[in-house]
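# Descriptive structure summary
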Amino acid sequence: MKILVCDKTEAEAIERLRAAGLTVDTNFEITPEELVKVLPAYDGMIVRSRTKVRQPLIDVCPNLKVIVRGGVGLDTIDADYARSKGITVMNTPKASSASVAELAIGYMFALARSICKATETMKAEKWEKKAFEGDELGGKTLGLVGIGNIGREVARRANALGMTVIAYDPYVKEAEGVELVKLDELLAEADYISLHLPKTKESENMIGKAQFEKMKAGVRIVNCARGGIIDEAALYEALTGGKVAGAALDVYAAEPPTDWKLVKLDNVIASPHIGAATHEAQGRVGAEVADKLIEFAKAH
Ligand SMILES: NC(=O)c1ccc[n+]([C@@H]2O[C@H](COP(=O)([O-])OP(=O)(O)OC[C@H]3O[C@@H](n4cnc5c(N)ncnc54)[C@H](O)[C@@H]3O)[C@@H](O)[C@H]2O)c1
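About the criteria used
- Residues numbered from 1 in each chain as written.
- Predicted model: local features only at pLDDT ≥ 70, side-chain atom pairs only at ≥ 80, totals over all residues.
- Heavy atoms only, no water.
- Pairing = 2+ DSSP bridges.
- Helix = DSSP H or I, 4+ residues; strand = E, 2+ residues; numbered from the N terminus.
- Axes fitted to C-alpha atoms, helices over the stretch in contact; angles between N-to-C directions.
- Contact = heavy atoms within 4.5 Å.
- Salt bridge = Lys/Arg side-chain N within 4 Å of Asp/Glu carboxyl O.
- Buried < 20%, exposed > 50% of the residue type's maximum accessible area, 1.4 Å probe, protein only.

### Overview of the sheet that holds strand β1 (residues 2-5)
The five strands are arranged β2-β1-β3-β4-β5 in an open sheet whose pairing can be described as parallel. The strands lining the two open edges of the sheet, one partner per strand, are β2 (23-26) and β5 (88-91). Neighbour-to-neighbour, the strand axes of this sheet turn through a mean angle of 15°, independent of strand direction. Alignment of β1 against strand β3 (residues 44-47), held across three bridges, turns out to be parallel. Residue pairing in the sheet places Ile3 in a bridge with Gly44 of β3. The sheet contacts of helix α1 (residues 11-19) involve β2 and β3, and relative to β2 the element is tilted by about 150°. Together, β1, β3, β4 (66-69) and β5 form the strand contacts of helix α12 (residues 279-299), whose direction differs from that of β5 by roughly 155°.

Here it is as structure tokens:
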């Protein structure tokens with residue numbers, strides 16, 4: 001079986017695939033134009049988030065049997081279309097859950113204690129001790145929108161910190177240590193809101209002007225899920241109008257952002273989509289990608 005690795009993947013995983021008898025070529029910087037030309041010669045491809053696999057590409061690859069995405073979301077792949085053409089589409093759903101959860105929790109601490117802003121003042125040789133009275137996370141209510149693999153990891157950690165955890169997820173019936181509530185209830189009660197749901201037609205812009213109006217004044221928002229679930233214009237307004245005290249963003253409607261004004265706000269802290277970027281998560285992603293492809297190759 002001939003596999004093209006289109007995005008950066010752990011060397012160990014590639015070694016294991018070769019040792020299992022697969023022919024593996026790597027081109028971590030392949031462009032969409034090149035991909036259309038070379039992919040038809042392959043049985044399978046490995047992608048992360050950089051390479052998009054859309055219908056026109058699938059159409060020129062009638063021999064493609066398997067697409068493995070190292071990561072959680074399948075929004076970069078026309079997965080239903082690929083499956084309708086008999087292509088197996090796989091991902092690594094749990095490999096990065098703990099890493100994303102830790103980032104979300106880290107962001108809550110950073111918002112509560114203004115850690116980033118305090119660092120900036122210290123680097124500017126300013127001793128503004130009185131400017132940084134923060135809050136504890138313990139005793140506060142965390143509202144999770146989406147309580148799947150990552151949401152549950154966040155909930156476990158937040159419970160250990162003494163937070164009350166409520167969640168809105170219409171597809172889930174129970175989650176340990178979490179009270180499931182309606183979205184409006186979550187918006188009204190949460191001191192922190194953290195998003196852990198996929199971007200779908202239903203979730204696009206689901207946190208907009210009307211939802212911000214229902215939130216507690218001084219609420220803090222964390223988005224380590226996907227850009228575009230929060231309406232960025234409405235978030236900008238809520239942050240400048242004082243309704244939202246702070247936001248922490250790892251993901252954006254456009255990546256990199258085309259307009260940086262949201263990120264530049266004083267009460268926003270931000271990172272460039274690094275939720276899964278830990279040594280541990282990358283190791284687990286690589287291992288799972290290799291396991292799944294080797295198993296697939298054995299069966300075909
Ligand atoms: N920042 C990063 O680097 C990074 C890394 C991994 C995953 N993610 C994002 O995190 C998201 C969550 O990951 P996960 O592993 O927990 O996925 P998951 O599939 O285990 O859980 C997602 C949950 O969201 C729920 N959901 C779906 N639509 C919803 C809606 N409209 N309203 C409320 N809940 C809804 C589902 O029922 C499910 O329980 C992924 O979809 C991905 O977009 C980001």
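Resuming the write-up.
### A closer look at the pattern of salt bridges
Scanning all chains against the criterion turns up 13 salt bridges. Here Arg54 makes a salt bridge to Asp78, at a shortest N to O gap of 3.0 Å. Of this pair, Arg54 sits in the loop between β3 and α3 (55-59) while Asp78 is found in the loop between β4 and α4 (79-84), placing the two residues 24 residues apart along the sequence. A relative accessible area of 32% places Arg54 in the partly exposed class. Taking relative accessible area as the criterion, Asp78 reaches 23% and is therefore assigned partly exposed. Among the salt bridges present, the one from Lys117 reaches Asp266, with a minimum N-O distance of 3.8 Å. Taken together, the positions of Lys117 in helix α6 (residues 115-123) and Asp266 in the loop between α11 (261-264) and β12 (268-270) put the pair 149 residues apart, joining distant regions of the chain. Members of the salt-bridge network, linked through shared partners, are Glu153, Arg156 and Arg157.

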